Amino acid sequence: MFKILIVENNEYHRKNLMSMIDELGNFMMVEAGDTDEGIEKIRKMKPDIVISDIDRSLQNGLEMFEKTKEYSYGAIIITSIQSFELIQKALQTGISDYLLKPVSQKQLKTALERAILQHRQLLCYKRTLEKTVTLEKHIQEPMFHTKDLLVEKMLIYIHDNYMHKIVLNDLTEELHYSQTLLNKRFKKVTSMTFCDYLNRYRITKAIEMMKEGQKYIYDIAAGCGFHEYKYFSVVFKKYAHCSLKEFMQQIEN
């Protein structure tokens with residue numbers, strides 16, 4: 001069940017909006033009479049969707065969204081103000097929908113669907129960033145903490161050559177040890193197979209490239225050693241727990 005916070009200073013309009021939402025599905029609804037109360041309830045209750053009236057009495061509504069955007073909710077504003085500047089600010093703030101009064105049930109239904117999608121994308125993006133920190137931690141630590149010189153050489157080789165095609169057999173010639181021994185030694189020290197570590201490292205590098213503003217997926221994939229887009233997409237979702245499209249959408253927002 002999705003939790004919706006409705007921020008509206010007029011009790012009649014607030015109750016009317018709640019009644020319309022109640023007819024659209026099974027939602028848990030919470031009320032706030034102004035944006036200060038709205039901020040408090042967002043922080044305390046962590047709603048999935050926030051709907052706020054932005055009229056003269058609630059001009060600081062966008063500020064409420066700015067102050068609480070880390071909570072990953074879908075955001076809808078409802079207003080009687082027809083202003084390009086307000087629309088522009090709303091979009092910059094990350095609002096999923098902007099509705100002009102009077103609002104029809106059909107408009108509200110569409111807005112809620114978009115807000116739910118936004119909420120899911122934000123959660124996905126948040127989990128991905130958290131996962132990235134974990135990936136980076138697990139990938140970088142062995143490089144600096146292992147006392148196994150052989151494994152350290154393998155890590156250095158990956159870090160220096162991840163953008164090229166790499167197979168474990170390449171290191172047998174480089175390090176003069178058998179593939180079986182290298183794989184066993186690597187897993188013992190890092191708790192990961194050579195292939196698993198390599199893919200994790202490549203995905204962290206891909207995410208770094210996306211954060212830096214690179215937008216062409218084929219170039220990102222090739223730059224991280226993936227020469228087949230479909231394979232890159234599968235590996236990315238496996239380790240990031242989010243599709244490439246979803247992640248890129250959040251980066252662009």
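Reading guide: rules and limits
- Residues numbered from 1 in each chain as written.
- Predicted model: local features only at pLDDT ≥ 70, side-chain atom pairs only at ≥ 80, totals over all residues.
- Heavy atoms only, no water.
- Helix = DSSP H or I, 4+ residues; strand = E, 2+ residues; numbered from the N terminus.
- Buried < 20%, exposed > 50% of the residue type's maximum accessible area, 1.4 Å probe, protein only.
- Contact = heavy atoms within 4.5 Å.
- Expected span 1.5 Å × (residues − 1).
- Salt bridge = Lys/Arg side-chain N within 4 Å of Asp/Glu carboxyl O.
- Pairing = 2+ DSSP bridges.

Enquirer: So what exactly am I meant to see when it comes to the overall build of the chain here?
Expert: In terms of helices and strands, the chain carries 12 helices and five strands. Expressed as a percentage of its 253 residues, the buried residues of the chain come to 45%. Partitioning the contacts of the chain with sequence separation of at least 6, the portion at a separation of at least 24 is 63%.

Enquirer: Could you clarify how one ought to interpret helix H9 (residues 194-211) in this entry?
Expert: Residues lying three or four places apart along an α-helix face the same way, a consequence of the helix completing one turn every 3.6 residues. Relative to the 26 Å expected for 18 residues at 1.5 Å per residue, H9 spans 26 Å between its end C-alpha atoms, a close match to the ideal helical length. Burial within H9 is extensive, with 14 of its 18 residues counted as buried. In the stretch just after H9, Gly 213 is the one whose phi turns positive, near 105°.

Enquirer: Can you help me understand unusual backbone geometry in this one?
Expert: Outside of glycine, negative phi angles account for most residues, and trans bonds account for most peptide bonds. Of the consecutive residues Lys 101 and Pro 102, the connecting peptide bond is found in the cis state with omega at -5°. One non-glycine residue, Ser 72, adopts positive backbone phi at about 60°. Along the chain, the position of Ser 72 falls in the loop between helix H3 (61-67) and strand S4 (74-79). In this structure, His 176 is a non-glycine residue whose phi angle is positive, near 65°. By the element assignment, His 176 lies in the loop between helix H7 (168-175) and helix H8 (179-190).

Enquirer: What is the right way to read the pattern of salt bridges from this model?
Expert: Opposite charge on two side chains lets them pair, provided their charged atoms get close. For the coordinates displayed, the defined rule picks out 11 salt bridges. In this structure, Glu 208 and Lys 205 form a salt bridge, with 3.6 Å as the shortest nitrogen-oxygen distance. Here Glu 208 and its partner Lys 205 are both found in helix H9, three residues apart, which amounts to about one turn of the helix. Since its relative accessible area comes to 30%, Glu 208 is described here as partly exposed. Among the residues examined, Lys 205 registers a relative accessible area of 18% and is labelled buried.

Enquirer: Can you walk me through the pairing of strand S3 (residues 49-53) in this structure?
Expert: For a regular strand, side-chain orientation follows a simple rule: the groups alternate between the two sheet faces. For S3, the buried fraction is high: five of the five residues fall into the buried class. As paired elements, strand S1 (residues 2-7) and S3 share four bridges and run parallel to each other. In the strand pairing of S3, Ile 6 is matched with Ile 51. Two elements, S3 and S4, share five bridges in a ladder whose sense is parallel. Paired with Ile 51 across the bridge in S4 is Ile 76.

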